Amino acid sequence: MIRKAVNFMLQDTGERIIPDEMKATNGMLLEHIARYHFALPYAGGRVLDIACGSGYGAQLTAKSRKNEVSEVTAVDVDEETIHYARGRYYHPSLTYTAGDLLDPELPEKIGTFDTILSFETLEHLPDDKECLQRLAALLKPGGTLVLSTPFGAGRHEPCRSPFHYFQLTEQEFTSLLHDSYFSFASVQQYYQLGVSFDQQKRPGVHYPIGIAVVTAPESTV
(Lines give C-alpha, C1' and ligand atoms only; values in the text may rest on other atoms or scores of the structure.)
Protein backbone atom coordinates (compact mmCIF):
# COMPACT_ATOMS: atom_id res chain seq x y z
CA MET A 1 0.00 0.00 0.00
CA ILE A 2 1.24 3.49 -0.87
CA ARG A 3 0.57 6.17 1.71
CA LYS A 4 0.29 9.72 0.44
CA ALA A 5 0.40 12.90 2.48
CA VAL A 6 -3.12 14.21 3.00
CA ASN A 7 -3.77 17.85 2.09
CA PHE A 8 -0.05 18.59 2.07
CA MET A 9 2.08 19.40 -0.93
CA LEU A 10 5.81 19.90 -0.67
CA GLN A 11 6.90 23.18 -2.22
CA ASP A 12 9.00 22.72 -5.32
CA THR A 13 11.93 25.09 -4.80
CA GLY A 14 13.76 23.91 -7.89
CA GLU A 15 16.30 22.02 -5.78
CA ARG A 16 14.28 19.20 -4.22
CA ILE A 17 13.45 16.01 -6.05
CA ILE A 18 9.71 15.37 -5.74
CA PRO A 19 8.91 12.35 -7.93
CA ASP A 20 5.14 12.89 -7.77
CA GLU A 21 5.60 16.32 -9.34
CA MET A 22 8.03 15.23 -12.08
CA LYS A 23 7.74 13.32 -15.34
CA ALA A 24 9.13 9.79 -15.26
CA THR A 25 11.58 10.80 -18.00
CA ASN A 26 12.94 13.83 -16.13
CA GLY A 27 16.72 13.63 -16.33
CA MET A 28 17.35 15.04 -12.86
CA LEU A 29 14.90 12.56 -11.32
CA LEU A 30 16.51 9.62 -13.11
CA GLU A 31 19.97 10.83 -12.08
CA HIS A 32 19.02 10.97 -8.40
CA ILE A 33 17.26 7.61 -8.40
CA ALA A 34 20.30 6.09 -10.13
CA ARG A 35 22.50 7.17 -7.22
CA TYR A 36 20.34 5.25 -4.78
CA HIS A 37 20.43 2.17 -7.02
CA PHE A 38 24.20 2.52 -7.22
CA ALA A 39 24.38 2.56 -3.41
CA LEU A 40 22.00 -0.36 -2.75
CA PRO A 41 24.67 -3.10 -2.72
CA TYR A 42 26.53 -1.22 0.03
CA ALA A 43 23.49 -0.72 2.27
CA GLY A 44 23.39 -3.04 5.25
CA GLY A 45 22.80 -3.05 8.98
CA ARG A 46 21.75 0.28 10.40
CA VAL A 47 21.48 2.80 7.54
CA LEU A 48 21.36 6.61 7.61
CA ASP A 49 20.10 8.69 4.68
CA ILE A 50 21.25 12.21 5.59
CA ALA A 51 19.63 15.14 3.77
CA CYS A 52 17.01 12.63 2.65
CA GLY A 53 14.73 15.16 0.97
CA SER A 54 11.26 13.92 0.10
CA GLY A 55 12.06 10.36 1.21
CA TYR A 56 11.81 8.36 -2.00
CA GLY A 57 15.41 7.13 -1.75
CA ALA A 58 15.16 6.14 1.90
CA GLN A 59 12.04 4.10 1.15
CA LEU A 60 13.69 2.53 -1.91
CA THR A 61 16.64 1.48 0.26
CA ALA A 62 14.42 0.07 3.02
CA LYS A 63 12.31 -1.95 0.55
CA SER A 64 15.08 -3.15 -1.75
CA ARG A 65 17.45 -4.17 1.06
CA LYS A 66 14.90 -5.43 3.58
CA ASN A 67 16.90 -8.62 4.19
CA GLU A 68 20.22 -6.81 4.67
CA VAL A 69 19.08 -3.67 6.49
CA SER A 70 17.95 -3.68 10.11
CA GLU A 71 16.62 -0.12 10.04
CA VAL A 72 16.83 3.08 8.00
CA THR A 73 16.95 6.51 9.60
CA ALA A 74 16.20 9.38 7.21
CA VAL A 75 17.20 12.87 8.34
CA ASP A 76 16.57 16.26 6.78
CA VAL A 77 16.99 19.75 8.19
CA ASP A 78 13.61 20.91 6.88
CA GLU A 79 10.59 20.04 9.08
CA GLU A 80 8.05 20.34 6.24
CA THR A 81 10.07 17.97 4.07
CA ILE A 82 10.15 15.40 6.87
CA HIS A 83 6.39 15.78 7.37
CA TYR A 84 5.85 15.12 3.66
CA ALA A 85 8.23 12.15 3.62
CA ARG A 86 6.48 10.48 6.57
CA GLY A 87 3.16 10.66 4.76
CA ARG A 88 4.30 9.78 1.26
CA TYR A 89 7.18 7.32 1.63
CA TYR A 90 6.31 5.11 4.57
CA HIS A 91 8.06 1.83 5.34
CA PRO A 92 7.91 -0.12 8.63
CA SER A 93 11.70 -0.21 9.03
CA LEU A 94 12.10 3.48 8.12
CA THR A 95 12.12 6.38 10.58
CA TYR A 96 12.10 10.03 9.56
CA THR A 97 13.50 12.73 11.82
CA ALA A 98 14.32 16.41 11.47
CA GLY A 99 17.95 17.12 12.20
CA ASP A 100 20.97 19.18 11.23
CA LEU A 101 24.21 17.52 10.18
CA LEU A 102 26.09 20.42 11.78
CA ASP A 103 24.46 19.78 15.16
CA PRO A 104 27.34 18.52 17.36
CA GLU A 105 24.82 16.49 19.39
CA LEU A 106 23.39 14.66 16.37
CA PRO A 107 25.41 11.44 17.00
CA GLU A 108 23.99 11.33 20.55
CA LYS A 109 20.46 11.86 19.22
CA ILE A 110 20.44 9.28 16.43
CA GLY A 111 23.48 7.06 17.11
CA THR A 112 26.01 5.72 14.63
CA PHE A 113 25.51 3.69 11.48
CA ASP A 114 26.87 0.80 9.44
CA THR A 115 26.02 2.63 6.20
CA ILE A 116 25.53 6.30 5.46
CA LEU A 117 24.12 7.70 2.22
CA SER A 118 24.90 11.39 1.66
CA PHE A 119 23.91 12.56 -1.78
CA GLU A 120 24.36 16.19 -2.83
CA THR A 121 25.11 17.37 0.73
CA LEU A 122 28.66 18.75 0.71
CA GLU A 123 27.83 21.72 -1.47
CA HIS A 124 24.97 22.83 0.78
CA LEU A 125 27.23 23.45 3.79
CA PRO A 126 29.82 26.22 4.09
CA ASP A 127 32.77 23.96 4.99
CA ASP A 128 33.17 20.71 3.07
CA LYS A 129 35.80 19.32 5.45
CA GLU A 130 33.57 19.93 8.46
CA CYS A 131 30.72 18.26 6.59
CA LEU A 132 32.83 15.16 6.01
CA GLN A 133 33.98 15.24 9.65
CA ARG A 134 30.34 15.21 10.79
CA LEU A 135 29.56 12.32 8.50
CA ALA A 136 32.58 10.37 9.73
CA ALA A 137 31.44 10.91 13.33
CA LEU A 138 28.15 9.17 12.50
CA LEU A 139 29.88 6.16 10.93
CA LYS A 140 30.60 3.00 12.90
CA PRO A 141 34.12 1.53 12.76
CA GLY A 142 34.38 -0.39 9.50
CA GLY A 143 31.21 1.29 8.21
CA THR A 144 30.61 2.50 4.66
CA LEU A 145 29.81 6.02 3.49
CA VAL A 146 28.48 6.63 -0.02
CA LEU A 147 28.47 10.30 -0.97
CA SER A 148 28.21 12.43 -4.07
CA THR A 149 28.66 16.04 -5.11
CA PRO A 150 28.49 18.04 -8.34
CA PHE A 151 31.75 19.28 -9.78
CA GLY A 152 32.25 22.98 -10.40
CA ALA A 153 34.69 25.87 -10.31
CA GLY A 154 36.00 25.20 -6.80
CA ARG A 155 35.31 25.90 -3.13
CA HIS A 156 36.49 29.51 -3.29
CA GLU A 157 34.77 30.41 -6.55
CA PRO A 158 31.26 31.81 -7.09
CA CYS A 159 28.60 29.19 -7.73
CA ARG A 160 25.70 29.70 -10.09
CA SER A 161 23.31 27.66 -7.97
CA PRO A 162 21.55 29.76 -5.29
CA PHE A 163 21.30 26.63 -3.13
CA HIS A 164 25.02 25.80 -3.07
CA TYR A 165 27.86 27.49 -1.22
CA PHE A 166 30.32 26.13 -3.80
CA GLN A 167 30.95 23.23 -6.12
CA LEU A 168 34.24 21.42 -5.66
CA THR A 169 36.57 20.66 -8.52
CA GLU A 170 37.33 17.01 -9.17
CA GLN A 171 40.80 17.50 -7.68
CA GLU A 172 39.40 19.14 -4.53
CA PHE A 173 36.96 16.28 -4.04
CA THR A 174 39.75 13.73 -4.37
CA SER A 175 42.00 15.64 -1.96
CA LEU A 176 39.21 15.91 0.59
CA LEU A 177 38.58 12.17 0.54
CA HIS A 178 42.28 11.42 0.99
CA ASP A 179 42.90 14.04 3.69
CA SER A 180 45.05 12.45 6.39
CA TYR A 181 42.63 13.71 9.04
CA PHE A 182 40.13 11.01 8.08
CA SER A 183 42.46 8.04 7.50
CA PHE A 184 39.72 6.13 5.68
CA ALA A 185 40.51 2.45 5.26
CA SER A 186 39.54 2.63 1.58
CA VAL A 187 38.33 5.18 -0.94
CA GLN A 188 36.76 4.28 -4.29
CA GLN A 189 35.78 7.06 -6.66
CA TYR A 190 33.31 6.99 -9.52
CA TYR A 191 32.02 9.46 -12.06
CA GLN A 192 28.33 9.85 -12.88
CA LEU A 193 26.87 10.85 -16.22
CA GLY A 194 23.10 10.56 -16.33
CA VAL A 195 22.25 7.12 -14.98
CA SER A 196 25.67 5.60 -15.71
CA PHE A 197 28.69 5.33 -13.42
CA ASP A 198 32.30 4.90 -14.51
CA GLN A 199 35.30 4.25 -12.30
CA GLN A 200 37.64 5.10 -15.15
CA LYS A 201 36.73 8.21 -17.11
CA ARG A 202 36.09 7.75 -20.80
CA PRO A 203 38.10 10.06 -23.07
CA GLY A 204 36.26 13.16 -24.12
CA VAL A 205 33.35 12.62 -21.71
CA HIS A 206 32.37 15.34 -19.23
CA TYR A 207 31.23 13.95 -15.89
CA PRO A 208 29.26 16.51 -13.86
CA ILE A 209 29.04 14.51 -10.63
CA GLY A 210 31.53 12.67 -8.47
CA ILE A 211 30.55 9.80 -6.20
CA ALA A 212 32.67 8.04 -3.64
CA VAL A 213 32.46 4.91 -1.50
CA VAL A 214 34.63 5.20 1.59
CA THR A 215 35.18 2.76 4.43
CA ALA A 216 35.91 3.83 7.98
CA PRO A 217 38.88 2.20 9.72
CA GLU A 218 38.14 -0.67 12.07
CA SER A 219 38.27 0.13 15.76
CA THR A 220 41.78 0.07 17.18
CA VAL A 221 40.53 -0.52 20.70
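Residues numbered from 1 in each chain as written. Predicted model: local features only at pLDDT ≥ 70, side-chain atom pairs only at ≥ 80, totals over all residues. Heavy atoms only, no water.

(A) How the structure looks around the pattern of salt bridges. Applying the stated criterion across every chain yields a total of twelve salt bridges. Residues Glu 130 and Arg 134 are paired through a salt bridge, measuring 3.0 Å at the closest nitrogen-oxygen approach. Separated by four residues within a single helix, Glu 130 and Arg 134 lie in helix α5 (residues 128-137), roughly one turn from each other. Residue Glu 130 is classed as partly exposed on the basis of its relative accessible area of 26%. Classification of Arg 134 as partly exposed rests on a relative accessible area of 22%. Because the salt bridges share partners, they merge into one network encompassing Asp 128, Arg 155 and Glu 172. (Salt bridge = Lys/Arg side-chain N within 4 Å of Asp/Glu carboxyl O. Helix = DSSP H or I, 4+ residues; strand = E, 2+ residues; numbered from the N terminus. Buried < 20%, exposed > 50% of the residue type's maximum accessible area, 1.4 Å probe, protein only.)

(B) The pairing of strand β6 (residues 186-193), seen in detail. Summarising the sheet, β6 and strand β8 (residues 209-215) pair through seven bridges and their orientation is antiparallel. The residue bridging Tyr 190 from the neighbouring strand is Ile 211, located in β8. As paired elements, β6 and strand β7 (residues 196-198) share three bridges and run antiparallel to each other. Along β7, the bridge assignment pairs Gln 192 with Phe 197. (Pairing = 2+ DSSP bridges.)

Fair warning: the whole summary comes from geometry, so function is off the table for now.
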